[in-house]
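Next come the chains, spelled out residue by residue.
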Amino acid sequence: PAPATGTAPDAHGRAAQVNIARLPDGGYQLTDLTRPATITTYDAAGRDYNDINGGIPADLPPVHSPSPDFPPGTGGSGATDAHLDAALVYDFYHDRLGRSGLDGKDGPINAVVNVSDGGAPFANAYWDGHEMVYGGGGPQYYPFSVALDVAGHEMTHAVIEHTANLVGFGQAGAMNEGLADYFGNAIEDNARGLSMNDPGAALLGESLCRTGTPEACAQRRLDDHRSTVDDYLGAAPGLDGGGQHLNSTIFSGALWDIRRTLDPLTADRLVYRALADYLTPTDDFVDGRNAVLAAGRALHLTRAQLRTVAAAFDAHGIRA
Ligand code: ASN
Ligand code: ZN
């Protein structure tokens, strides 16, 4: 295949420029060959998400088109958005943080859009250990790839798996989710030019609702200053990984405060350094605090900046 450019409608019907590949048979597919990692997007066309887990099924080809101008259905499935999102997430990690792709080795990056839950609408997305899997949304939600912060969240799970490898349970699981939310929002805000004061800056998934306000639609918000360890919910084991999504804002809230009080670039480098070099799989919140402070010393933050970082964790009840 050879690199080419074309157009494809996104989920809102807007024409977008896309990086694609020209195939030997003269057709085109949604494969972006312009970056060190190859990015390919697949359309499950409503297949059950259980058909996808653990690798792209052999009978599922990449999204293809006879012409470089992809047909309208490409947008409705969420494929165009997923394809654009993956490139933006790649660029954030590469250009801002010096990372070579999700696995650190520029391995292929694949996404499957438009999965269902046994034929019913699937309003979620996840990283399955091999690829991003996006639900088609439904009557209330757009396809989940519409939200760049959601794409950033899921792709950050891949980065975490290849770095700290935090387990999906308890406080380590809450940090795993909190880091995915932190970078998901950071990636969206950076790519879209949103300031930290923008109403959507700290909201995760606020752009997914077909109806309803961004606040009502958002799955989580990182600027909820009431979220401290006093709010820790001891969810039943087996349910939501011991509360990993419920408790994530305790940790991500501290990280988001750091991003607001330092500056976004310094904070992103700091949090990434903690993730890549200091956090380990079964760490708890206090280990997480210590990892971020150790990263700050390694990055030569000033004493005043380190005090700001410590104060953010203090404010969320994560004390040394
Ligand atoms: N969107 C969720 C996540 O990535 C899906 C899940 O695992 N419950 O955390
Ligand atoms: Zn997650």
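Residues numbered from 1 in each chain as written. Chains lettered and ligands numbered in written order. Predicted model: local features only at pLDDT ≥ 70, side-chain atom pairs only at ≥ 80, totals over all residues.

A.B. asks: Can you break down the nonpolar core residue by residue, with the values?
C.D. replies: The biggest cluster of nonpolar side chains holds 86 residues, and the ones touching the most others in it are Val 112, Tyr 134, Ala 151 and Val 271. No other element matches helix α4 (residues 170–192), which puts nine residues into this core. Both domains that furnish three or more residues to this core are identified here as domain 1 (2–146) and domain 2 (170–315). Residue contacts for Val 271: discarding those within four places in its chain leaves Tyr 182, Leu 255 and Val 292. (Core = buried A, V, L, I, M, F, W, Y, C linked by C-beta atoms within 7 Å. Buried ≥ 20, exposed ≤ 12 C-beta atoms within 10 Å, placed from the backbone. Helix = DSSP H or I, 4+ residues; strand = E, 2+ residues; numbered from the N terminus. Domains from an automatic or database assignment. Contact = placed C-beta atoms within 7 Å.)

A.B. asks: Mind laying out the pairing of strand β5 (residues 39–43), listing which residues take part and the relevant values?
C.D. replies: The buried fraction of β5 amounts to five of the five residues, a majority that puts the element mostly inside the structure. In terms of strand pairing, strand β4 (residues 31–32) meets β5 through two bridges, oriented antiparallel. In the sheet register, Thr 31 faces β5, and the bridge partner there is Thr 40. In sequence, β4 turns back onto β5 through a hairpin of six residues. (Pairing = 2+ DSSP bridges.)

A.B. asks: Now, about the site of ligand 1: what can you tell me, with residues and values included?
C.D. replies: Lining the immediate environment of ligand 1, one finds Asn 124, Ala 125, Tyr 126, His 153, Glu 154, His 157 and Glu 177. Breaking the shell around ligand 1 down by element, the ones donating at least two residues are β8 (125–127) and α3 (148–161). The element best represented in the shell around ligand 1 is α3, accounting for three residues. The class makeup of the residues in the shell around ligand 1 is two nonpolar, three polar and two charged. (Near = placed C-beta within 6 Å. Nonpolar A, V, L, I, M, F, W, Y, C, P; charged D, E, K, R; others polar.)

A.B. asks: Explain the domain arrangement of the protein chain to me, and be specific about the residues and the numbers.
C.D. replies: Taken domain by domain, the protein chain comprises domain 1 (2–146) and domain 2 (170–315). Its C-alpha centre places domain 1 at a distance of 26 Å from the equivalent point of domain 2. Each partner contributes residues to the interface: domain 1 has 10 residues there, and domain 2 has 11 residues. Taken together, the residues of the side of domain 1 that touches domain 2 sort by class into eight nonpolar, one polar and one charged.

A.B. asks: I'd like a description of the packing of helix α7 (residues 248–261) against helix α10 (residues 303–315), backed by residues and values.
C.D. replies: With their axes 8 Å apart at the nearest point, α7 and α10 run at an angle of 145° to one another. Like other packed secondary-structure pairs, α7 and α10 cross with a definite hand, here right-handed. Contacts between α7 and α10 involve Ala 254, Asp 257, Ile 258 and Thr 261 from the first element and Thr 308, Val 309, Ala 312, Phe 313 and Ala 315 from the second. Classifying every residue of the contact of α7 with α10 gives six nonpolar, two polar and one charged. (Axes fitted to C-alpha atoms, helices over the stretch in contact; angles between N-to-C directions. Left-handed = near helix turned anticlockwise from the far one by under 90°.)

A.B. asks: For the sheet that holds strand β6 (residues 64–65), give the residues involved together with the corresponding values.
C.D. replies: The four strands are arranged β1-β2-β3-β6 in an open sheet whose pairing can be described as antiparallel. In this open sheet, the two strands that pair with only one neighbour each are β1 (2–9) and β6. The strands that helix α2 (residues 79–97) touches are β1 and β2 (15–22); relative to β2, the one it contacts most, it runs at about 80°.

A.B. asks: For the packing of α2 against α4, give the residues involved together with the corresponding values.
C.D. replies: Two elements in contact, α2 and α4, have axes separated by 10 Å at closest approach and are oriented at 95°. Judged by the angle between their axes, α2 and α4 are roughly perpendicular. Touching Leu 88, Val 89 and Phe 92 of α2 are Ile 187, Asn 190 and Ala 191, all from α4. Taken together, the residues of the contact of α2 with α4 break down into five nonpolar, one polar and no charged. (Parallel < 35°, antiparallel > 145°, perpendicular 65-115°, else oblique.)

A.B. asks: Can you explain the sheet that holds strand β7 (residues 109–115)? Please cite residues and give values.
C.D. replies: Adjacent strands of a sheet pair through backbone hydrogen bonds, lying either parallel or antiparallel. The mixed open sheet is built from five strands, whose spatial order is β4-β5-β7-β9-β8. Because the sheet does not close on itself, it has two edges, and the strands there are β4 and β8. Sheet analysis places β5 next to β7, joined by five bridges and oriented parallel. When the bridges of β7 are listed, Tyr 42 appears paired with Val 112. The sheet contacts of α2 involve β4, β5, β7 and β9 (132–135), and relative to β5 the element is tilted by about 155°. Where α3 meets the sheet, its contacts fall on β8 and β9, and the angle it forms with β8 comes to roughly 20°.

A.B. asks: Requested: an account of α10, with residues and values cited.
C.D. replies: Between its terminal C-alpha atoms α10 stretches 18 Å, which fits the 18 Å expected from 13 residues at 1.5 Å a residue. Contact partners of the buried residues in α10: α7 and α9 (285–298). Of the residues flanking the end of α10, it is Gly 317, one or two places downstream, whose phi is positive at about 80°. (Expected span 1.5 Å × (residues − 1).)

A.B. asks: Tell me about the environment of Gly 54, and please be specific about residues and values.
C.D. replies: Position of Gly 54 relative to the elements: it lies in the loop between β5 and β6. Separated by 91 residues in the primary sequence, Gly 54 and Ser 145 have C-alpha atoms spaced 19 Å apart. Excluding residues that lie within four positions of it along the chain, Gly 54 makes contacts with Asp 128, Gly 129 and His 130.

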